[in-house]
Amino acid sequence: MSALILIVEDEPQLAEVLEAYARQEGYRTERAGDGLTALTVYRAAHPDLILLDVMLPGRGGLDVLKTVRSDGPTPVILVTARAEETDQIVGLELGADDYVVKPFRPREVMARVKAVLRRVHAPQDDLERPLRVGPLEVDRRAARARVNGQPLNLTPAEFRLLAHLAQVPGRACTREELLAAALPESDALERVVDAHLASVRRKLDAARAGQLLHTVRGVGYRLEAAP
């Protein structure tokens, strides 16, 4: 069965265009024009991906994103206005997987949708074994991370960043390298890496993982357990 895309957009004309392009690509669709309706449809339909406008009547897009992310790792692509760079960064910190900026070409949006879904459902080598760094275990086949056996609730982008760092423990990875590993098709800025890894650090701290994720000034990040 094809992926189900939830389009959350309060401009009916734009929502219709996005829906038409999504269906042309073979996706199933649901639509919502405000935040409360979006959450109702999300909980009832369990979409594979959400296209989420930031500026919504009533409950805003960032609030919707926060609620969705608290429920699980459903991929979310934010749709923002060009002047709302702060919203982009806040959204990524809250766990959005990517963003597109208005005005945009619908084909560009569909390319982002394909890229995010491809990353989420990418096949893994059966011979891959879980990666371990201190109390952290990263299972790339299952796209799951645990600390002392307890699961970490990571977004897909957060998981890819953590998995890349876990493949090379002790080595400093540049933001450019991490961006290419986690969001290769995106035109996101390198500061997006900072936003995602700030969230990962909070989750590691909450899981009492110890000091695993290190910021390397002037370079990027390193994953390393205390000796």
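Residues numbered from 1 in each chain as written. Predicted model: local features only at pLDDT ≥ 70, side-chain atom pairs only at ≥ 80, totals over all residues. Heavy atoms only, no water.

### Thoughts on the nonpolar core
Here is step 1: In terms of nonpolar packing, the biggest core is built from 51 residues, with Leu52, Leu78, Leu136, Leu162, Leu197, Leu204 and Leu223 touching the most fellow members.
Here is step 2: When sequence neighbours within four positions are dropped, the list of residues in contact with Leu197 reads Leu161, Leu165, Leu178, Leu213 and Tyr221.
Here is step 3: Ranked by size, the runner-up nonpolar core spans 18 residues in total, among them Ile5, Ile77, Val113 and Leu117. (Core = buried A, V, L, I, M, F, W, Y, C linked by side-chain atoms within 4.5 Å. Buried < 20%, exposed > 50% of the residue type's maximum accessible area, 1.4 Å probe, protein only. Contact = heavy atoms within 4.5 Å.)

### Here's the deal with the sheet that holds strand β2 (residues 28–32)
Here is step 1: Overall, parallel pairing links the five strands, which are arranged β2-β1-β3-β4-β5 in an open sheet. What marks the edges here is a single partner per strand, and that holds for β2 and β5 (98–102). Strand-to-strand twist in this sheet, taken as the mean axis angle between neighbours without regard to direction, amounts to 20°.
Here is step 2: Where strand β1 (residues 4–8) meets strand β3 (residues 49–53), four bridges bridge the pair, whose relative direction is parallel. When the sheet's bridge partners are listed, Ile5 is paired in β3 with Leu49.
Here is step 3: Strands in contact with helix α1 (residues 12–24) are β1, β2 and β5; relative to β2, the strand with the most contacts, it is inclined by about 170°. (Pairing = 2+ DSSP bridges. Helix = DSSP H or I, 4+ residues; strand = E, 2+ residues; numbered from the N terminus. Axes fitted to C-alpha atoms, helices over the stretch in contact; angles between N-to-C directions.)

### Details of the packing of helix α6 (residues 156–167) against helix α8 (residues 191–206)
Helix-helix packing is described using two parameters, namely the angle between the two axes and the distance between the axes.
Here is step 1: Their axes nearest at 9 Å, the elements α6 and α8 cross at an angle of 80°. On the basis of their axis angle, the class for α6 and α8 is roughly perpendicular. The segment α6 lies against α8, with Ala157, Glu158, Leu161, Leu162 and Leu165 engaging His196, Leu197, Ser199, Val200 and Lys203.
Here is step 2: Classifying every residue of the contact of α6 with α8 by side-chain character gives six nonpolar, two polar and two charged. (Parallel < 35°, antiparallel > 145°, perpendicular 65-115°, else oblique. Nonpolar A, V, L, I, M, F, W, Y, C, P; charged D, E, K, R; others polar.)

### Here we look at the side chain of His196
Here is step 1: Mapped onto the elements of the fold, His196 is located in helix α8.
Here is step 2: Apart from residues no more than four positions distant in its own chain, His196 is found in contact with Leu92, Ala96, Ala157, Glu158, Leu161 and Leu183.

### Overview of unusual backbone geometry
Glycine aside, negative phi is the norm for most residues, and most peptide bonds take the trans geometry.
Here is step 1: With an omega of -5°, the peptide bond running from Lys102 to Pro103 counts as cis.
Here is step 2: Tracing the backbone shows Pro103 in the loop between β5 and α5 (106–120).
Here is step 3: Even without being glycine, Ala143 reaches a positive phi, approximately 50°.
Here is step 4: Examined against the element boundaries, Ala143 turns out to sit in the loop between β7 (136–139) and β8 (144–147).

### Quick notes on the environment of Pro12
Here is step 1: In this structure, Pro12 sits in helix α1.
Here is step 2: For the pair formed by Pro12 and Gly33, sequence separation is 21 residues and the distance between their alpha carbons is 7.6 Å.

### Overview of the UniProt feature "modified residue: 4-aspartylphosphate" (unreviewed entry) in the chain
Here is step 1: In this numbering, the UniProt entry assigns the feature "modified residue: 4-aspartylphosphate" (unreviewed entry) to Asp53.
Here is step 2: Along the chain, the position of Asp53 falls in strand β3.
Here is step 3: The residues touching Asp53, leaving out its near neighbours within four places in the chain, are Val8, Glu9, Asp10, Gly61, Val79 and Lys102. (UniProt positions renumbered as here; feature names shortened; annotations may be inferred.)

### Details of the confidence of the model for the chain
Here is step 1: For the chain, the mean per-residue pLDDT works out to 87, and 91% of the residues sit at or above 70.
Here is step 2: Across the chain, element-level confidence peaks in β1 with a mean pLDDT of 97 and bottoms out in helix α4 (residues 85–94) with 71. (pLDDT = per-residue confidence, 0-100.)

### Observations regarding the sheet that holds strand β11 (residues 213–216)
Here is step 1: Strand order in this open sheet of three strands is β10-β12-β11, and the pairing throughout is antiparallel. Strands with a single pairing partner mark the edges of an open sheet, and in this sheet they are β10 (173–174) and β11.
Here is step 2: Packing of α6 onto the sheet brings it into contact with β10, β11 and β12 (220–223), and relative to β12 it is tilted by some 65°.

### Some thoughts on the pairing of β7
Here is step 1: As defined by bridge partners, strand β6 (residues 131–133) adjoins β7 across three bridges and the pair is classed as antiparallel. The residue of β7 that forms the bridge with Leu131 is Val138.
Here is step 2: Judged from the four bridges that link them, β7 and β8 form a sheet pairing that is antiparallel. Opposite Asp139, over in β8, you have Arg144 as the bridge partner.
Here is step 3: The hairpin formed by β7 and β8 contains four residues between the paired strands, and Ala143 there has a positive phi angle of roughly 50°.

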